[in-house]
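# Notes for the structure review
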Amino acid sequence: MTLWQRLMTPRSVAIVGASADPSKTSGRPVGYLLKHGFRGEIYPVNPRASEIEGLRCYPDIASLPQAPDVALILLGAERTQDAVRELAARGTGAAIVLASGYAEAGEAGAARQQALRAAAGSMRILGPNTIGLVNLTDGITLSASGALELGQLHRGEIGLVSQSGGILGALLSRATARGIGFSKLVSTSNEADLELADFIDMLADDPATRVIALYVESIRNPAAFLRAARKAAAAGKPVVAFKIGRSESGAQAAASHTGALAGADRMYDALFEHAGVLRAQTFADLLDMPAALAAGRHLDGKRVAVLTSTGGAGTLVADSLGLAGFDLPAPDAATAAALRALQEGAQAVLDRNPIDVTLAGLQPTLLRKIIRVLLDSASYDALVVIVGSSGVGQPELMAGALRDSMGEGGKPVMAYVSPHAPAAAEVLSRYGIPAFHAPESVGAAMSALRQIAVTHEATAPAQATPLRTPLRTPLRTPLPTPLPAGSLNEAEAKALFAHFGVPGAREQVVHDGAGARRAAAALGPRVALKLLSAKITHKSEVGGVALGLDPDTVEAALARMRADVAAHTGRAPQAFLVQQMSGGVAEVILGVRKDPLGTALLIGMGGVVAELVRDTVLLFLPDDGAPPSRETVRAALQRLQTWPLLDGYRGRPKADVAALVDAVIAFAAMALALGPRLVEAEINPLFVREPGQGVVAADGVAVLR
């Protein structure tokens, strides 16, 4: 048997530490297995009981009649390790460890967790500190979650993997109340062995799962997560993730601005985007988005019809959709005429959207015809139906009419239930119609459908033929050999960037006023004078930058700068940089961000206001991957709010975007080539000139291990 089969469809289950008292946590699992229809062998293990729930109870693991496919261990942490060792020796396929007191409990717990994993040998471990797993497809409950007390658990096509056991139960109970069905639910918790990526990989192969939902605390193995998420995408199974800890930005301003602009949570954004994972922005979205995706309908555009018989609720949904970027066009002439023909004698308002019709008496035949007209209309890509008071009173009638008129596949149909009526929403969901209580949920669910469609449109050709266009004008300057460790000074950093194809400004290193005068004469007419130091990267904060100088003023400026920097730092500088004054249509910041998740490239509005404006995007750079394609980089630039400044905003000159794209790809190539040696790197500003004139790095930071 495969690991998946042993965990999800075991033929035999041992419950080690089972209690005969069903009021105890350890007394629940046997009862849950029987209640929800498990047909395999159940082996309770407890030396103080002879029988539990009518089943023979075994005094110890050695007494079991055979090695179970899976064991649920309900012992305390101090006894669990021995049980794991014994089960492994018997040939058990996997053990689910519920005990706490492991890595979540500090250093001693972490050592206990390592010992637990070692005791398992080749046997796989789910947990510890887990609540277990539930296979609703086959009615197999390997869990002690109190949510399994619920009478009717809905089977569905959403697979849930949660790094929190309590959240697994919370989502199961919420989904049950709303009529939303799951296929499998897994709590990975401490992940001593099996982790998030393992179950994404397994669910990608599960024919009963159409959508994968994730509750994420942290991703311990980003490379495995990427592989699993891509496998799910290739299988046509969307992945929706809700990541907690968003308020802990983790941004530490180190040698560059990039640390402050690309905090830990934004790294998750970049990783999810690169993996094709949809990010749920709220906890409610973690049910709403998968529920919409599991309906299996495709949203081909952004035009939505809102059908309502109550104006206020229709306006709420319209606002939510509008804020999410959707269009609500009024019915075209043919659609309006078809609707009027169905509303004989009624005062329907059909020249706007929401489309307010009379549904008096909730006539199913009339409702089916109206819905069919809207779904057949060339003006709309999706339909939202407001289920008002009459529909809430007869939910089966409303749900049946909606289901019958939708047909197989086709345009998405959703329902917004107003007034609040959980029973009506539950009926609609069971009929295959995503139903929501909050108007914002409609916008989030529709956005998830659209994002999946756009991703498919954008990535299909690129996956088939990845584009790696060479740079138009690569520069090659001598690479420092060997590369120094620690912070490079500005001149060294820009020489490194130039080696990979990012041109820098013309400049000279000087040590005194006479040298500065000669350099200014060679580089003029106007130059910048900068402190040159590997230790001080924020030069302007210590008086280390002077602009607009010429040969006649640069000597005095150098003397003042030496005195100012000495006053700020207690040490007079010995080296300076004289640089040709540069400028351009726009100033851009490029940065490399590294953290435990991996490496990301930051692109955004640069200059001294970079941290104030905070207009940036992140592109994830997998360690084993290639630099991003030109299409990917250009799309990232177009996501900036300040993109119009690069594109000729209000008559301004356009920027050399092609050269900027080259520079971004070159910077990414540098980050990948240097690998773990590169701690951080930044260009700010990178001046982008007019078309055909290229880009120039006016400042640079690099830190190497």
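Residues numbered from 1 in each chain as written. Predicted model: local features only at pLDDT ≥ 70, side-chain atom pairs only at ≥ 80, totals over all residues. Heavy atoms only, no water.

### Comments concerning the side chain of D615
This is how it is decided: Only DSSP runs of H or I covering at least 4 residues are called helices, and only runs of E covering at least 2 are called strands; the numbering of each starts at the N terminus. Side-chain atoms alone can form a polar contact between residues adjacent in sequence; in general such a contact is a pair of N or O atoms within 3.5 Å, and within protein one must be able to donate a hydrogen while the other accepts it. Residue contacts are counted whenever heavy atoms from the two residues lie within 4.5 Å of one another.
Positionally, D615 belongs in the loop between α21 (610-613) and β27 (616-621). Separated by 2.4 Å, the side chains of D615 and T642 make a polar contact. Discounting residues that sit within four places of it in the chain, D615 has contacts with I603, G604, M605, L640, Q641 and T642.

### Points about the sheet that holds strand β18 (residues 413-417)
Backbone hydrogen bonds are what pair the strands of a sheet, in a parallel or an antiparallel way. Which entries qualify depends on this criterion: Paired strands, as defined in this entry, are two strands with at least two bridges between them according to DSSP. Axes here mean lines fitted to C-alpha atoms, for a helix over just the part in contact, with angles spanning 0 to 180 degrees between N-to-C directions.
Ordered by their spatial adjacency, five strands build an open sheet running β16-β15-β17-β18-β19, and the pairing between neighbours is parallel. In the strand order of this sheet, the two ends are held by β16 (355-356) and β19 (435-436), each with one partner. The pairing of β18 with β19 spans two bridges and is parallel. Counted as the bridge partner of A415 is A435 from β19. Contacts from helix α11 (residues 311-323) reach β15 (304-308), β16, β17 (382-387) and β18 within the one sheet, and its direction differs from that of β15 by about 165°. Docked against the sheet, helix α16 (residues 422-430) engages β17, β18 and β19, running at close to 170° with respect to β18.

### Thoughts on the sheet that holds strand β10 (residues 155-162)
The seven strands are arranged β9-β8-β11-β10-β12-β13-β14 in an open sheet whose pairing can be described as mixed. Each edge of the open sheet carries a strand with a single partner, namely β9 (140-143) and β14 (278-279). Relative to β14, strand β13 (residues 239-243) is paired through two bridges, and the arrangement is parallel. Looking across to β14, one finds that V240 is bridged to L278. In the packing of helix α5 (residues 165-178) onto the sheet, the strands contacted are β8 (132-135), β10, β11 (182-187) and β12 (211-216), and the crossing angle to β11 comes to about 160°.

### Observations regarding a nonpolar patch on the surface
Formally: Patches were defined on residues exceeding 30% relative accessible area and lacking a salt bridge, with like-charge contacts within 9 Å and nonpolar side-chain contacts (Val, Leu, Ile, Met, Phe, Trp, Tyr) within 5 Å. Here the Shrake-Rupley method, with its probe set to 1.4 Å, supplies the accessible areas, and only the displayed protein chains count as covering residues. The salt bridge criterion pairs a side-chain nitrogen of Lys or Arg with a carboxyl oxygen of Asp or Glu, the two atoms within 4 Å. For every residue, the accessible area obtained with a 1.4 Å probe (protein chains only) is divided by the maximum for its type, and the residue is called buried under 20%, exposed over 50%, and partly exposed between those limits.
Taken together, V545, L547 and M581 make up a surface patch of nonpolar side chains, about 250 Å² in accessible area. One can find L547 in strand β23 (residues 545-549). Residue classification places L547 among the exposed residues on the basis of a relative accessible area of 57%.

### What to know about the pairing of β17
The side chains of a regular strand alternate between the sheet's two faces. Most of β17 is tucked away: six of the six residues are buried. Side chains of β17 alternate between two faces, with A382, V384 and I386 and L383, V385 and V387 buried alike. The sheet contact formed by β15 and β17 spans four bridges and is parallel. When the bridges of β17 are listed, A305 appears paired with L383.

### Remarks on the packing of α5 against helix α10 (residues 285-294)
Operational definition: By the definition adopted for this analysis, an angle is roughly parallel if under 35 degrees, roughly antiparallel if over 145, roughly perpendicular if from 65 to 115, and oblique otherwise. Take the far helix as the reference: if the near one is turned anticlockwise from it by less than a right angle, the crossing is left-handed, and if turned clockwise, right-handed. Throughout this entry, Asp, Glu, Lys and Arg are counted as charged residues, while Ala, Val, Leu, Ile, Met, Phe, Trp, Tyr, Cys and Pro are counted as nonpolar. The remaining residues, Gly among them, count as polar.
Contact pair α5 / α10: the axes reach a minimum separation of 11 Å and the direction vectors enclose 50°. Relative to α10, the element α5 lies oblique. As α5 packs across α10, the resulting crossing turns out to be right-handed. The segment α5 lies against α10, with L171, R174, A175 and R178 engaging L286, L287 and D288. When its residues are assigned to classes, the contact of α5 with α10 shows four nonpolar, no polar and three charged.

### With respect to helix α6 (residues 196-204)
Among the nine residues of α6, seven are classified as buried, and the element is accordingly described as predominantly covered. Regarding α6, the residues found buried are L196, A197, F199, I200, M202, L203 and A204. At its buried positions, α6 is contacted by α1 (3-8), β7 (124-126), β10, β11, β12 and α7 (222-234).

### Structural notes on the pattern of salt bridges
Under the definition given, this model contains 30 salt bridges. We note a salt bridge from D82 to R85, for which the minimum N-O separation is 3.3 Å. Of the two residues, D82 and R85 both sit in helix α3 (residues 77-90), three residues apart, roughly one turn of that helix. Taking relative accessible area as the criterion, R85 reaches 40% and is therefore assigned partly exposed. K231 is the salt-bridge partner of D205, the closest N and O atoms lying 2.8 Å from each other. Linking D205 in the loop between α6 and β12 with K231 in helix α7, this pair joins segments that are 26 residues apart in sequence. By sharing partners, the salt bridges in this structure join E490, K494, E507, K530, K539 and D699 into a single network.

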